[in-house]
Amino acid sequence: MSAADTDGLVRRSAADLADALAAGETTSVELTQAHLDRIAAVDGAVHAFLHVDAAGALEQAAAADERRRTGSPASALDGVPVAVKDVLTTEGLPTTCGSRVLEGWIPPYDATVVRKLREAGLPILGKTNMDEFAMGSSTEHSAYGPTHNPWDLDRIPGGSGGGSAAAVAAFEAPLAIGTDTGGSIRQPGAVTGTVGMKPTYGGVSRYGLVALANSLDQAGPVTRTVLDSALLHELIGGHDRRDSTSIDQPLPNLVDAARRGAAGDLSGLRVGVVTELAGDGWQRGVMARFQESVELLVAAGAEVVEVSCPSFVHALATYYLILPAEASSNLAKFDAMRYGLRVWPEGRPDASAEEVMRASRDAGFGDEVKRRIILGTYALSSGYYDAYYGQAQKVRTLIARDFDAAFARADVLVSPTAPTTAFRLGEKLDDPMAMYLNDLATIPANLAGVPGISVPSGLADEDGLPTGFQVLAPALADDRCYRVGAALEAALLQRWGGPLLDRAPELSTNGATR
Amino acid sequence: MPENPGASGRVEITRAEVAHLADLARIDLSEAELDHLAPQLTVILESVASISGVAGDDVPPTSHALPLTNVFREDVVEPCLTPEQALSGAPAVDEQRFSVPRILGEEA
């Protein structure tokens, strides 16, 4: 196969690749190798991956080809390769969470999401880069260096799942898994021109997902098309008795919803534009693309209503109390005793377990993780608990009530996914509050547990960088995100005459590190 | 400690407080880290303090997005990690046990 054909292969959607495999037009080994070649060519510049498992992926691909040959594919996506965010445990493959604390750790078990991927026959290409323990909006807090946005290598790919989004945007993988605690699937999707879906809380198992904030974390699909997200979501979703917060009822039919949406008829659908998720401080080009997208939904038959969610203005503050509180408790398990980094205080071979613990945690955690552990410890301290953590939990109730009221008037809520396009690497590193503001529009969904998807909505005029359109739905109604997302995607595709990613600059393929 | 840290609109976290919190969290922070963190945490706390007083006493707290309680399974033995697997990531192992630094105040 020529280089041009290989390039064509990596640019195709997962649904197309699955069809090509089913029709015998290509093999899993061929397309897995094509993606490994693409990774070898561009990942020196993008740095989406922390670990690439070429041998393992090709072995799984050969097994997939054998199943296809004997007419017994394990799933519709059998043989289509996938990349996995390095926060999900993979038996036999390193799992670092972007932290020095877990450098070299090989988990003895698979996360449920990973087990489902393996059972469905998807070769795992490798593990993708992320902000350390998923704390960040830029992937700059990875202990292993930042990921670069394929649209402009000097800019951030979003975070914390910048690696998964960049891998998909740079055609290094057709599919990836991300996790979203405050926007870590959706915001990277928005700034890289890709699709990212945060399922309803409890819709995808958290077993084997190294917890940042248990009550907010949710794994989900990262793809280039809405249909691909639906296909991957159906595959990884569903009840898991190893996760006590897993929803014990069947998923709605997501693939069907995406196909219906793509047909373009949204008659009777009520779309709520959230007043609080727009306005001053939102980039002009982001707002322009958002307004155009709303008009496209109207043209497809949707009715637009304006809804107000007054408590959303407190969502960011609520999140930055609840998240550090849960994170500081979760990260207490990295105590240098049973696994992970162990560092002895210098010149103290007789140090106690507690001294070793203190030295290890100082050496192993990066700045942002320390910031949030200290903040969480503060918020949970006696004397401050009621004023901070207690209040935050109450405001969480108010935010959930705002959603209830809004969903009584609208079937879905929409907003821009992020207030700006991708900022420059380093620009906000020393201003944590400015960094946190990037999650303004995505955080409310995590606090209330409702699903949300980000779909590319175009390029901002002022900088030529991708913008994202967010669709939020009531809990358990993930299918609405796919229906509306697919309808918008189809309308935009028609307007653009091709996928948005066709307009991304060509990446140099000499494989050199920048 | 203030009764209501947010009410004054002015929250400051001192270098000494950060050192105390780091001690509670079992992290040895360097002097430079303490200098750096205290003003940053003050900015963050000033931003989040705005929620103080937003919700009245009549608002119940939400700790979880899903109202699930008492999720049980049958009490039966199932396959689990072998001792070798459980110990595979340990910094130090002694026979079938985790080997840890001394935990008491004297030489072991």
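Structure shown above.
Quick look at the structure, then.

What counts, and at which threshold
Residues numbered from 1 in each chain as written. Chains lettered and ligands numbered in written order. Predicted model: local features only at pLDDT ≥ 70, side-chain atom pairs only at ≥ 80, totals over all residues. Helix = DSSP H or I, 4+ residues; strand = E, 2+ residues; numbered from the N terminus. Rg over C-alpha atoms; globule rule 2.2 N^0.38 Å. Buried ≥ 20, exposed ≤ 12 C-beta atoms within 10 Å, placed from the backbone. Contact = placed C-beta atoms within 7 Å. Nonpolar A, V, L, I, M, F, W, Y, C, P; charged D, E, K, R; others polar. Expected span 1.5 Å × (residues − 1). Axes fitted to C-alpha atoms, helices over the stretch in contact; angles between N-to-C directions. Parallel < 35°, antiparallel > 145°, perpendicular 65-115°, else oblique. Pairing = 2+ DSSP bridges.

Observations regarding the overall build of chain A
- Looking only at helices and strands, chain A has 17 helices and eleven strands in total.
- Taking 514 residues into account, the globule formula puts the C-alpha radius of gyration at 24 Å, and chain A, at 22 Å, falls close to it.
- Expressed as a percentage of the 514 residues in chain A, the buried residues total 64%.
- Partitioning the intrachain contacts of chain A with sequence separation of at least 6 by distance along the chain shows that 77% fall at a separation of at least 24.

What to know about the overall build of chain B
- Of the regular secondary structure elements, chain B holds three helices and two strands.
- Here chain B holds 108 residues, and the buried ones make up 23% of them.

Some thoughts on the interface of chain A and chain B
- The interface of chain A with chain B comprises 57 residues on the first partner and 50 residues on the second.
- For the side of chain A that touches chain B, the secondary-structure elements that each account for two or more residues are α11 (315-330), α12 (353-364), α13 (367-379), α14 (386-409) and α15 (432-436) of chain A.
- Counting residues per element, the side of chain A that touches chain B draws most heavily on α14(A), at eleven residues.
- Residues of the side of chain A that touches chain B, tallied by class, amount to 30 nonpolar, 15 polar and twelve charged.

Description of unusual backbone geometry
All names here are of chain A.
- Backbone torsion omega between G159 and S160 reads 5°, so that peptide bond is classified as cis.
- Along the chain, S160 falls in the loop between β3 (124-128) and α6 (162-169).
- With phi around 70°, A336 is a residue other than glycine that occupies positive phi space.
- Residue position: A336 is located in the loop between α11 and α12.
- Located in the positive-phi region is L476, a residue other than glycine, with phi close to 75°.
- You can see L476 is positioned in the loop between β11 (466-472) and α17 (478-496).
- L476 gets classed as partly exposed once you count the C-beta atoms within 10 Å, which come to 19.

Here we look at α12(A)
- The terminal C-alpha atoms of α12(A), which comprises twelve residues, lie 16 Å apart, in line with the 16 Å expected from a rise of 1.5 Å per residue.
- Every buried residue of α12(A) is listed here: V356(A), M357(A), R358(A), A359(A), S360(A), R361(A) and G364(A).

Let's talk about the packing of α11(A) against α13(A)
Residues and elements named next belong to chain A.
- Axis separation between α11 and α13 bottoms out at 7 Å; the angle between their running directions is 100°. Judged by the angle between their axes, α11 and α13 are roughly perpendicular. Counting all contacts with α11, which are made through L321, P324, A325, A327 and S328, the residues of α13 involved are R372, I373, L375, G376, T377 and A379.
- Split into classes, the residues belonging to the contact of α11 with α13 amount to seven nonpolar, three polar and one charged.

Points about the sheet that holds strand β4 (residues 175-179) of chain A
Residue and element names in this part refer to chain A.
- With respect to topology, eleven strands assemble into an open sheet ordered β1-β3-β2-β4-β6-β5-β10-β11-β9-β7-β8, the strand pairing being mixed. The strands lining the two open edges of the sheet, one partner per strand, are β1 (49-52) and β8 (303-307). Across the sheet, the mean angle separating the axes of adjacent strands is 25° when strand polarity is ignored.

Side note on the packing of helix α8 (residues 226-236) of chain A against α17(A)
Residues and elements named next belong to chain A.
- Where α8 meets α17, the axes come as close as 9 Å, and the angle between the chain directions of the two elements is 155°. Classified by the angle between their axes, α8 and α17 sit roughly antiparallel to one another. In this structure, α8 uses V226, L227 and A230 to contact α17, whose residues at the interface are Y482, G485, A486 and E489.

In short, geometric facts, not functional conclusions.
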